[in-house]
Amino acid sequence: MQAPAPTPDASPTGGARGRTALAALAGLLAAAVALGVAELIAGVVGVASSPVIAVGDAAITLTPEPVKAFAIRTFGENDKIALVVGTLVIIAVYALVVGVVGLRNRRLGALGIALFGLVGAVAAVTRPAGGPLDMLPSLLGAGGGVLALFALLAPLAVAPRTVASPSGVAPSEGEAAHADQRVVERLREVLGSGDRKGAALDRRRFFLTSGVAIGAAAVTGGGGRLLQRRFDIAGDRAALDLPTPTSRAAALPAGADLAADVDGLTPLFTDNREFYRVDTAISVPRIRPADYRLEMAGMFDSPRSYTLAELFERDDIIERDITLTCVSNEVGGGLAGTARWIGVPLGALLEENGIRSGSDQLLCRSEDGMTIGAPTRNALEVEDAMLAFGMNGEPLPVEHGFPVRMLIPGLYGYVSACKWLVRIEATTFDAVDAYWTERDWAAEGPIKIASRIDTPAPLREFPAGRRAIAGVAWAQTRGIAKVEVRVDEEDWAEAELSPEVDADLWRQWVLPYDFPAGRHSITVRATGADGEVQTEDRAAPFPAGSSGWHSIQVVAG
Ligand SMILES: Nc1nc2c(c(=O)[nH]1)N[C@H]1C(S)=C(S)[C@@H](COP(=O)(O)O)O[C@H]1N2
Ligand SMILES: [Mo]
């Protein structure tokens, strides 16, 4: 018995040019299917896991400052759109090439799409809040893309009419051998070089498959976008009006920000978009303002709950400048930032719920279930401790805890700065461990005094002569009194400090220095307003925060 072989209904060869063009189109459609499937999965996993968004985010993070500045200058508010369009154009060009390569070698084509998926997956999982699930859209999308590519390339290189090899074996075995041969033929068609001589081009099948691919891309992509809408709270956030604080932040003296005159020095206030971000959120919690409730529980005499409107309507709203620091910050690292925050005083709120004296820990719960254990004493006694909902003049960005987070000056974020805060349980350290404490980080995390050199950049070569050595120093709640700099084996020299504004705010420091040609080491140390001199003893961030002097090597040419 002879099964009919597939019969191409078009020209036997199709012409090399036409075939290549169709292969490029196949690549493009495969990419569309890949992106569509990825959007659909992102509709389940979370918006930020979409490869286009993740790659765009990564691109922003990896783009050097001058290029970013150029993009913002050129595209203004549309810089994000320009980035997405640019990303799509690059993907399209890449896809055209993958299609043509795939025609000659299916495996290479598949590899090209897999690589594309891998880039998306890595971008998604390495976001600050990235988790393993975030790789799914890119990986499954790439899987869909490979299938689409194979399906689309198959009609471009149909095997010539298969003829059963005559064999003297018994009919049943002959049939089996024939089936084997067809399987091999089919495999070759799918995996191997499809551009072999004599291969035919099945245009009708190609265009039918293309139609299916376009439909699949549109349905998955469109469906994914619809699904993702349920995550979107950008509109709700933008529509919020922050209340006017009854107590304003301390006025800034003229010339408060030394970064205006010193290239490379960290600005006094950190842009929300530049603000460091540390959290465990696989996908950022998105809480609608209207749905928000803050619940008080545990060791309170009269615990109650608050809507966002109730928090906004209070008459004790404060505005404060506070520098936030992460316990994971290495000596010289960038996990610190300063913002002007607006919120409700934490002590007053705890008192009005009748906090009991036996509580020494506030177990703060975030919408995603994460817990942060803050010492009750600091929450009550540190003057500017607050539940913040405003950051640098806007509602908290979603990544920084929208709509409400806690802040306690003087404590590292992991024991004080719970984002997406939905519940405060007054309890004790004996009764329960919070997330980080369970992982053996110190239960109480007072911020260690620290200083950092921002400029010159380490290992940088610059012309010999006068230039500023500058950076920031912080010791929240105590304040910075002095910063000293040592170049090579010289004596410590005192740097100029930015004006004292508030003890919770870091201070910038600057020391102009005449660099002779050659290699130099620069070291910085700070002294707190309480007299503590920053220790030279090195400690790693784990378990209670890093210590030691920041020291860099530079070369003056
Ligand atoms: N819900 C939640 N809040 C959190 C965290 C987290 O993982 N989840 N990380 C904490 C840590 S370790 C720090 S340093 C600060 C960082 O705040 P930021 O991301 O706004 O800079 O948030 C804290 N609040
Ligand atoms: Mo942190």
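What you are looking at is a predicted structure, and each value in this text was computed from that prediction instead of being measured. What you see as residue numbers is a count from 1 along each chain, following the sequence as written. Labels are handed out in written order, letters beginning with A for the chains and numbers beginning with 1 for the ligands. Totals for whole chains, interfaces and linings use every residue, but because this is a predicted model, local features are given only for residues with pLDDT of at least 70 and side-chain atom pairs only at 80 or more, for both listing and counting. Hydrogens and water molecules were not included; the side-chain quantities draw on all heavy atoms of the structure.

A. A look at the overall build of the protein. The helix and strand inventory of the protein stands at 13 helices and 19 strands. Burial status across the protein gives 50% buried among its 557 residues. Long-range contacts, defined as pairs at least 24 residues apart, comprise 76% of the intrachain contacts of the protein with a sequence gap of at least 6. Residue-level accessible areas treat just the shown protein chains as cover; the underlying method is Shrake-Rupley with a 1.4 Å probe. Looking at the protein as shown, the accessible area adds up to about 25,500 Å², and 58% of this sits on carbon and sulfur atoms. Put simply, DSSP marks the helices as runs of H or I at least four residues long and the strands as runs of E at least two long, and each gets a number from the N terminus on. With a 1.4 Å probe rolled over the protein chains alone, any residue whose accessible area is under 20% of its type maximum counts as buried; one over 50% counts as exposed, and the rest are partly exposed. Here, two residues are considered to be in contact whenever any of their heavy atoms come within 4.5 Å of each other.

B. A look at helix H1 (residues 16–45). For a helix, the expected span equals 1.5 Å multiplied by the residue count minus one. For H1, with 30 residues, the first-to-last C-alpha span of 43 Å sits near the 44 Å given by 1.5 Å per residue. Just downstream of H1, Gly 46 is the residue with a positive phi angle, here 145 degrees.

C. Quick peek at the confidence of the model for the protein. The pLDDT averaged across the protein works out to 88; a share of 85% of its residues lies at or above 70. Known as pLDDT, the predictor's confidence for each residue is given on a scale from 0 to 100. Low pLDDT, under 50, characterises residues 1–13; the predicted model gives this stretch 23 contacts beyond four residues in sequence or across chains.

D. Here's a closer look at the packing of helix H5 (residues 106–125) against helix H6 (residues 136–153). Where H5 meets H6, the closest approach of the two axes is 8 Å, and the angle between their N-to-C directions is 160 degrees. Viewed along their axes, H5 and H6 adopt a mutual orientation that is roughly antiparallel. When you trace H5 past H6, the crossing you get is right-handed. Residues Arg 106, Gly 109, Ala 110, Ile 113, Ala 114, Gly 117, Gly 120 and Ala 121 of H5 lie in contact with H6, whose contacting residues are Ser 138, Leu 139, Ala 142, Gly 145, Val 146, Leu 149, Phe 150 and Leu 153. Angular values range over 0 to 180 degrees, each being the angle between N-to-C directions of two axes fitted as lines to C-alpha atoms, with helices fitted over their stretch in contact. When describing relative orientation, an angle under 35 degrees is termed roughly parallel and one over 145 degrees roughly antiparallel, while 65 to 115 degrees is termed roughly perpendicular and anything else oblique. A clockwise turn of the near helix away from the far one marks a right-handed crossing, whereas an anticlockwise turn of less than a right angle marks a left-handed crossing.

E. Expanded view of the sheet that holds strand E13 (residues 465–474). Paired strands, in this sense, are two strands between which DSSP finds at least two bridges. Here we have 4 strands laid out as an open sheet, ordered E11-E13-E17-E16, and antiparallel in their pairing. Taken across any chain shown, the strands that pair with only one partner, and hence form the sheet edges, are strand E11 (450–455) and strand E16 (496–497). Alignment of E11 against E13, held across 5 bridges, turns out to be antiparallel. What sits directly across from Ala 450, in E13, is Trp 474.

F. Layout of the UniProt feature "transmembrane region" (unreviewed entry) in the protein. If you check UniProt for "transmembrane region" (unreviewed entry), the listed places come out as residues 21–42, 81–101, 108–126, 138–158 and 206–227 in our numbering. Helix makes up 95% of residues 108–126 and strand 0%, and the two end C-alpha atoms of the span are 26 Å apart. UniProt positions are given in the numbering used here, feature names are shortened, and annotations may be inferred rather than shown by experiment.

G. View of the environment of Phe 269. Take Phe 269: it is sitting in the loop between helix H9 (234–238) and strand E1 (293–298). As for Phe 269 and Asp 321, which are separated by 52 residues in sequence, their C-alpha atoms are 8.7 Å apart. Apart from residues lying up to four places away in sequence, Phe 269 is in contact with Leu 252, Asp 321, Thr 338, Ala 339, Arg 340 and Asn 392.

H. Molecular detail of the sheet that holds strand E6 (residues 371–375). Spatially, E2-E1-E10-E5-E6 is the arrangement adopted by the 5 strands of the open sheet, whose pairing is mixed. What marks the edges here is a single partner per strand, and that holds for strand E2 (305–307) and E6. Strand-to-strand twist in this sheet, taken as the mean axis angle between neighbours without regard to direction, amounts to 20 degrees. Examined bridge by bridge, E1 and E2 share 3 bridges and lie antiparallel to one another. The residue of E2 that forms the bridge with Arg 293 is Thr 307.

I. Representation of the environment of Leu 133. Structurally, Leu 133 can be placed in the loop between H5 and H6. Put simply, Leu 133 and Val 45 are 88 residues apart on the chain and 7.0 Å apart in space, counted from C-alpha to C-alpha.

J. Quick look at the packing of aromatic side chains. The rule is short: rings of Phe, Tyr and Trp, with Trp giving its six-membered ring, pair when the centres are within 6.5 Å, and they are stacked under 30 degrees, edge-to-face over 60, tilted in between. One pass over the full model with this rule turns up 13 aromatic pairs. Ring geometry for Trp 492 versus Trp 549: centroids 5.2 Å apart, planes at 80 degrees, classification edge-to-face. Taken together, the residues span a long stretch of sequence, with Trp 492 in the loop between strand E14 (480–487) and strand E15 (493–494) and Trp 549 in the loop between strand E18 (518–528) and strand E19 (550–556) at a distance of 57 residues. A relative accessible area of 12% means that Trp 549 is categorised as buried. Here a set of aromatic residues connected by ring pairs shows up, and it is made of Tyr 414, Tyr 435, Trp 436, Trp 441 and Phe 542. Across the ring face of Tyr 435, the terminal group of Arg 439 is positioned such that the distance to the ring centre comes to 3.7 Å. Its end group placed over the ring of Phe 462, Arg 467 keeps NZ or CZ at 4.3 Å from the ring centre. Both a distance and an angle decide whether a charge sits over a ring: NZ of Lys or CZ of Arg must be within 6 Å of the ring centre and within 35 degrees of the ring normal.

K. Highlighting the state of the cysteines. In what follows, a disulfide is any cysteine sulfur pair within 2.5 Å. Inspection of the entire model under this criterion finds 0 disulfides. In this structure Cys 418 is a free cysteine whose sulfur lies 5.4 Å from that of Cys 364, the closest cysteine sulfur available.

L. Molecular detail of the pairing of strand E5 (residues 361–366). Most of E5 is tucked away: 5 of the 6 residues are buried. Across 5 bridges, E5 lies against E6 in antiparallel orientation. If you follow Leu 363 over to E6, its bridge partner there is Gly 373. What sits between the antiparallel neighbours E5 and E6 is a turn of 4 residues, in which Gly 369 has the positive phi angle 95 degrees. Strand direction decides the pairing type here: E5 and strand E10 (residues 421–427), joined by 6 bridges, are antiparallel. Note that in E10 the partner of Leu 362 across the bridge is Ala 426.

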